[in-house]
Amino acid sequence: MIRFSTMLKRAAAALMLGGVLVLAGCHSGSTKSDVSTASMNGQFDATIESYKDGQFLLDGAVLSALDMGSHFAYLKDQGKLPKTVLLLPSDDAKIRKRHLEYMARMQMDYGFTVFYDNKGTLTKINPVDTKARELEDHHAPSALPDEQKGKSASSGGFDPENQH
């Protein structure tokens, strides 16, 4: 049996602990998919921009999530469905949770992979972690007619004399 001195045991333990810390520092929680968005911009089959109220911009046209899903259904029927899609923030709106939820739904429905710009870093949407949202059509709030402005639903009762 070989006996080592206490100092040698402590030095070996410190060396081993230092090695573990160095290896742990190499893995900082980042994944291989975290790449600069600017360097990968032209590498995707389709590029979509986020827009206000969960809508999307595709080639300059504003589409609701339901319209975007219909667009991908059409591309699937034509055999031209993209394999990778990049979601970028537009000049008018940044990427919100609602955009990610819609894209997670489309990713599950159509089988393509969606990446988005997360503050300059390219990040893949994981449909398991992101709650997939049912696709909806966008309905803008309707304006009230001038004669209804300033009135509440409970004010003014029925007046039979005011019938035409």
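Residues numbered from 1 in each chain as written. Predicted model: local features only at pLDDT ≥ 70, side-chain atom pairs only at ≥ 80, totals over all residues. Heavy atoms only, no water.

### Side note on the overall build of the protein chain
Here's step 1: If you tally the helices and strands in the protein chain, you get four helices and seven strands.
Here's step 2: Each helix and strand of the protein chain, placed in order from N terminus to C terminus, yields the pattern α-β-α-β-β-β-α-β-α-β-β.
Here's step 3: Looking at the 164 residues of the protein chain, the share that counts as buried comes to 29%.
Here's step 4: Within the protein chain, contacts between residues separated by at least 24 positions form 69% of all contacts whose residues are at least 6 apart in sequence.
Here's step 5: In the form shown here, the protein chain has an accessible surface area of approximately 12000 Å², with 53% of it arising from carbon and sulfur atoms. (Helix = DSSP H or I, 4+ residues; strand = E, 2+ residues; numbered from the N terminus. Buried < 20%, exposed > 50% of the residue type's maximum accessible area, 1.4 Å probe, protein only. Contact = heavy atoms within 4.5 Å. Areas by Shrake-Rupley, 256 points an atom, 1.4 Å probe, with all protein chains shown as cover.)

### A short note on the confidence of the model for the protein chain
Here's step 1: Considering every residue of the protein chain, the mean pLDDT works out to 75; 62% of them sit at 70 or more.
Here's step 2: Per-residue pLDDT stays below 50 along residues 28–34; that stretch engages in six contacts with residues further than four places along the chain or on separate chains. (pLDDT = per-residue confidence, 0-100.)

### Describing the pattern of salt bridges
Here's step 1: Per the stated rule, a full pass over the model turns up one salt bridge.
Here's step 2: The partner of D109 in a salt bridge is R105, and the shortest N-O contact between them spans 3.6 Å. Of this pair, D109 and R105 both sit in helix 4 (residues 97–110), four residues apart, which is roughly one turn of the helix.
Here's step 3: Looking at D109, the relative accessible area reads 37%, which means it is partly exposed. (Salt bridge = Lys/Arg side-chain N within 4 Å of Asp/Glu carboxyl O.)

### Side note on the nonpolar core
In summary, soluble globular proteins display a tendency toward joint burial of nonpolar side chains.
Here's step 1: I48, F56, F72, M103 and M106 are the most contacted members of the largest nonpolar core, which has 22 residues in total.
Here's step 2: Secondary-structure elements contributing two or more residues to this core are strand 2 (46–50), strand 3 (56–58), helix 3 (65–78), strand 5 (84–88), helix 4 and strand 6 (113–118).
Here's step 3: Here the element with the most residues in this core is helix 4; it accounts for six residues.
Here's step 4: In this structure, L86, L88, F115 and L122 belong to the second largest nonpolar core, which totals five residues. (Core = buried A, V, L, I, M, F, W, Y, C linked by side-chain atoms within 4.5 Å.)

### Re helix 4
Here's step 1: In this model, helix 4 (14 residues) spans 20 Å end to end at C-alpha, consistent with the 20 Å of a helix rising 1.5 Å per residue.
Here's step 2: Of all 14 residues in helix 4, 10 are buried; the element is thus mostly enclosed.
Here's step 3: Along helix 4, the positions that sit buried rather than exposed are H99, L100, E101, Y102, M103, A104, R105, M106, Q107 and Y110.
Here's step 4: Buried residues in helix 4 make contact with strand 2, strand 3, helix 3, strand 5 and strand 6.
Here's step 5: Where helix 4 terminates, the next one or two residues include G111, which has phi positive at roughly 80 degrees. (Expected span 1.5 Å × (residues − 1).)

### Quick notes on the pairing of strand 5
Here's step 1: Strand 5 sits mainly inside the fold: four of its five residues count as buried.
Here's step 2: Here four bridges tie strand 2 to strand 5, and the two strands are oriented parallel to one another. The partner of T47 across the bridge, within strand 5, is L86.
Here's step 3: Note that strand 5 and strand 6 share four bridges and pair parallel. The residue of strand 6 that forms the bridge with L87 is Y116.
Here's step 4: Assessed by its sense of winding, the connection that carries the chain from strand 5 through helix 4 to strand 6 is right-handed. (Pairing = 2+ DSSP bridges. Right-handed = clockwise from strand over helix to strand, strands pointing away.)

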